[in-house]
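Descriptive analysis of the structure
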Amino acid sequence: MDSAAETLARWAHELVPDVEDLALAQRSLVDTLAVTLAARDDDLVRISAGLPDAARWAAVGHVLDFDDLHMESTAHISVVCVPATLAAGGDARAYLAGAGVMARIGTALGWSHYASGWHATCTAGAPAAAVCAAVALGLSREQTATAMALAVPAAGGVQRAFGSSGKSLQVGFAADAGVRAARLAAAGATADPTALDAWLRLVGGDPERIEVTGPAVPGGLAIKMFPCCYALQRPISALREQLPAPVTPAEVTEIEVRTPACTVQPLIHHRPNTGLQGKFSMEYAVATALLDDHPGFGSFTDRSVNRPEAQRLLKLVNRIETTGGDWLLAGQVEITVTLADGTRHAVASQLPPGSPGRPPSEQDMRVKIADCGQDVPALLSDVDWRRAAVVLAEHLPGEAIHDHEKEPA
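Within any chain, residue numbers begin from 1 and follow the written order of that chain's sequence. Reporting of local features is limited, given that this is a predicted model, to residues whose pLDDT is at least 70; pairs of side-chain atoms are given and counted only at 80 or more, and all residues count toward the totals for whole chains, interfaces and linings. Computation of side-chain values: all heavy atoms of the structure, hydrogens and water removed.

An unreviewed UniProt entry lists the protein chain under the name 2-methylcitrate dehydratase, with Saccharopolyspora aridisoli given as the organism. UniProt positions are given in the numbering used here, feature names are shortened, and annotations may be inferred rather than shown by experiment. Quoted straight from UniProt, the Sequence similarities (unreviewed entry) entry for the protein chain says "Belongs to the PrpD family."

This is the structure we're talking about:
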C-alpha cells in the first residue's frame, strides 16, 4: 500500500487542470500578488530582506492577513503555494498540484489539529510547497514523495504567534522549506516517504483521510474582503451589512457577541494595543465595524487600535461562546448592540462575502486589488506566472546574506 506521500505525489503528477481549476489558479495568483504588494511599506519587508525569495514573498504576503483561506483545512493555501511555485519557476499546474496537496493534508489533519493550537498554514504548507517546487522543477513522482518527506522537519508553526511578526515569518519558513526540500531531492537526497504518515499521526491527523478525487482544490478558496483574520470576516460584514441605521458609536453602551467557540479559536487578543493584535481580536473587530466606513488597512494600525473610542467600545464586548461545530464558519454569529436610550440592534450571519458560498464578484476583486495600491491594478493587468516572479523581484528585492569573518587581531 502506498504511503500518503506516494499517493499525493502520484496525484500531483497525474493532475490535468480543467478550466475551473485554471481560473482558480489565476485568481489566486492575482489576489496573492495584490496583498503582497500592499505590504511593500510594512516593516517586515526590511526584517525579511535577507531571506530567500519563497520565504520573503510568503512572509510579506501574509503579514496583512488579507490572503485567501481554504476552509476545510483552515489553511492559507495561496500565500504558501504561489511564492513556492514562483521561486521554483513554476506555472499554474505546479501551483494547483501543491495547493491540492495542501488542501488534502490540511483536511487529513482535521479541526482537532487546528483547535490544539497548530498553525495549519505551516504544518500543511511545508510538504505542499515541496510539491509546488517539485512539479516546477520537473522532478519524478518518487522524487516528489521524497521532497515531501524532507519537508516534514519544517512542518510546524503555532497559533501563539498570531498578532506578531512570527505568524507571517513562520509561513515564510514553511514555503522556503518546501522549495529547499525539492531542490535537495533533485540533487539526490533520500528520505523515507512514510515519514509523512508518521508525522501526520503524531500531530493528530489521519493519513487514511487523504482523498484524491474531486477538483484540484476541493471546496475552493475563500477570499478576504477585510485585511484581518478570517474569523473576523463574518462579524465585521454582519454589522456593516445589517445594522438598520447608522449607529453613533458614542451612544453604544453594551455589545453582545454570541458565536460557536470554534469560530473564535484564533482570536487570542481580547485587549489589543497593536495593529497586528487587532487582526486577531473579536472585540476590536466590532469596534472597527462600528467606527470606520470601511475596515481597511488604516483600521489595523497601532494608532487606530489605540483610539480612545475604539478602546472604549472593545471593552463593552461580551463574548458568549456556544458549543458545537468544527470550523471557522460553524453555526452563525449573532451580535446585539445596545444604545444609551435602550434601543437594541440585532444582526446575524453565517456566510461572509468572499466565502465559497458567497464568492466574490469581478467588481469585488477589482475593488480589493485597487485598495492594495494605486499602481497595483496596472501591475497585475494580464499578469501570468512568468511575469509574476518578475513583479515581485522588482518590488520586493532581497538582500544577499554574507558571512563576514573578522581577521584575527
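So, next bit.
Here we come to the side chain of Gln-159. Its location among the elements puts Gln-159 in the loop between helix H9 (141–151) and helix H10 (165–186). Between N or O atoms, a polar contact is any pair within 3.5 Å; within protein, one atom must be a potential hydrogen donor and the other a potential acceptor, and residues adjacent in sequence are included only when both atoms are from side chains. Engagement of the side chain of Gln-159 in a polar contact is seen with the backbone oxygen of Tyr-114, the distance being 2.5 Å. There is a polar contact of 2.8 Å between the side chain of Gln-159 and the backbone oxygen of Trp-118. When neighbours within four sequence positions are excluded, Gln-159 is seen to be in contact with Tyr-114, Gly-117, Trp-118, His-119, Gln-265, Pro-266 and Ile-268. Each helix corresponds to a stretch of at least 4 residues labelled H or I by DSSP, and each strand to a stretch of at least 2 residues labelled E; elements are numbered beginning at the N terminus. The contact criterion used is simple: two residues touch if any of their non-hydrogen atoms lie within 4.5 Å.

Attention now goes to the pattern of salt bridges. Here, a salt bridge means any side-chain nitrogen of Lys or Arg that lies within 4 Å of a carboxyl oxygen of Asp or Glu. Throughout the structure, instances matching the rule amount to 15 salt bridges. The partner of Glu-241 in a salt bridge is Arg-358, with the nearest N and O atoms 3.3 Å apart. Taken together, the positions of Glu-241 in helix H12 (residues 233–242) and Arg-358 in the loop between strand S4 (344–349) and helix H17 (362–371) put the pair 117 residues apart, joining distant regions of the chain. For Glu-241, a relative accessible area of 43% translates into the label partly exposed. According to the relative accessible area criterion, Arg-358 is partly exposed, its value standing at 32%. Only protein chains enter the area calculation, which uses a 1.4 Å probe; residues under 20% of their type maximum are buried, those over 50% are exposed, and those in between are partly exposed.

Here the focus is the nonpolar core. To define a nonpolar core, start from buried Ala, Val, Leu, Ile, Met, Phe, Trp, Tyr and Cys residues and group those joined through side-chain atoms within 4.5 Å. In this structure, Leu-86, Tyr-95, Ile-105 and Leu-196 are the most contacted members of the largest nonpolar core, which totals 142 residues. The element contributing the most residues to this core is helix H6 (residues 92–115), with 14 residues. Delimitation of the domains relies on an automatic or database domain assignment. When we break this core down by domain, the ones giving at least three residues each are domain 1 (4–225 + 360–395) and domain 2 (230–349). Apart from the residues lying within four places of it in its own chain, the contact partners of Leu-86 are Leu-29, Leu-33, Trp-57, Trp-385, Ala-388, Ala-389 and Leu-392.

A few words on the domain arrangement of the protein chain. Annotation of the protein chain at the domain level lists domain 1 (4–225 + 360–395) and domain 2 (230–349). Between domain 1 and domain 2, the C-alpha centre-to-centre distance is 30 Å. Listed by partner, the interface residues are 24 residues for domain 1 and 18 residues for domain 2. Accessible-area loss on putting two parts together, using a 1.4 Å probe and summing over both, is the definition of buried area adopted here. Counting the surface lost from both domain 1 and domain 2, the interface buries some 1800 Å², and carbon and sulfur atoms represent 68% of this. When the area that domain 1 buries against domain 2 is broken down by residue, the three leading residues are Met-71, Trp-111 and Gly-163, summing to 32%. Along the contact surface separating domain 1 from domain 2 lie 0 salt bridges. Viewed at the interface, domain 2 and domain 1 are joined by 5 residue pairs in polar contact (both at pLDDT 80 or more). For the side of domain 1 that touches domain 2, the secondary-structure elements that each account for two or more residues are H6 and H10. A total of 3 residues in the side of domain 1 that touches domain 2 trace back to one element, the largest contributor, which is H6.

UniProt feature "domain: MmgE/PrpD N-terminal" (unreviewed entry): in the numbering of this structure it lies at residues 58–196. Annotation note: span residues 58–196, helix share 65%, strand share 0%, distance between end C-alpha atoms 23 Å.

Ring pairs shown here join Phe, Tyr and Trp side chains whose ring centres sit within 6.5 Å, with only the six-membered ring taken for Trp; geometry is labelled stacked below 30 degrees between planes, edge-to-face above 60, and tilted in between. Across all of its chains, the model carries 5 aromatic pairs by this definition. With a centroid separation of 5.7 Å and 80° between ring planes, the pair formed by Tyr-284 and Phe-300 is classed as edge-to-face. Pair noted here: Tyr-284 is in helix H14 (residues 282–291) and Phe-300 is in the loop between H14 and helix H15 (302–305), with a separation of 16 residues, a long-range link. The same class applies to Tyr-284 as to Phe-300, namely buried. Only lysine NZ and arginine CZ atoms are considered, and such an atom sits over a ring when it is within 6 Å of the ring centre and within 35 degrees of the ring normal. Seen from the ring of Phe-162, Lys-167 lies directly overhead, with NZ or CZ sitting 4.7 Å from the centre. Lys-368 extends its terminal NZ or CZ atom over the ring of Phe-66, reaching a point 4.2 Å from the ring centre.

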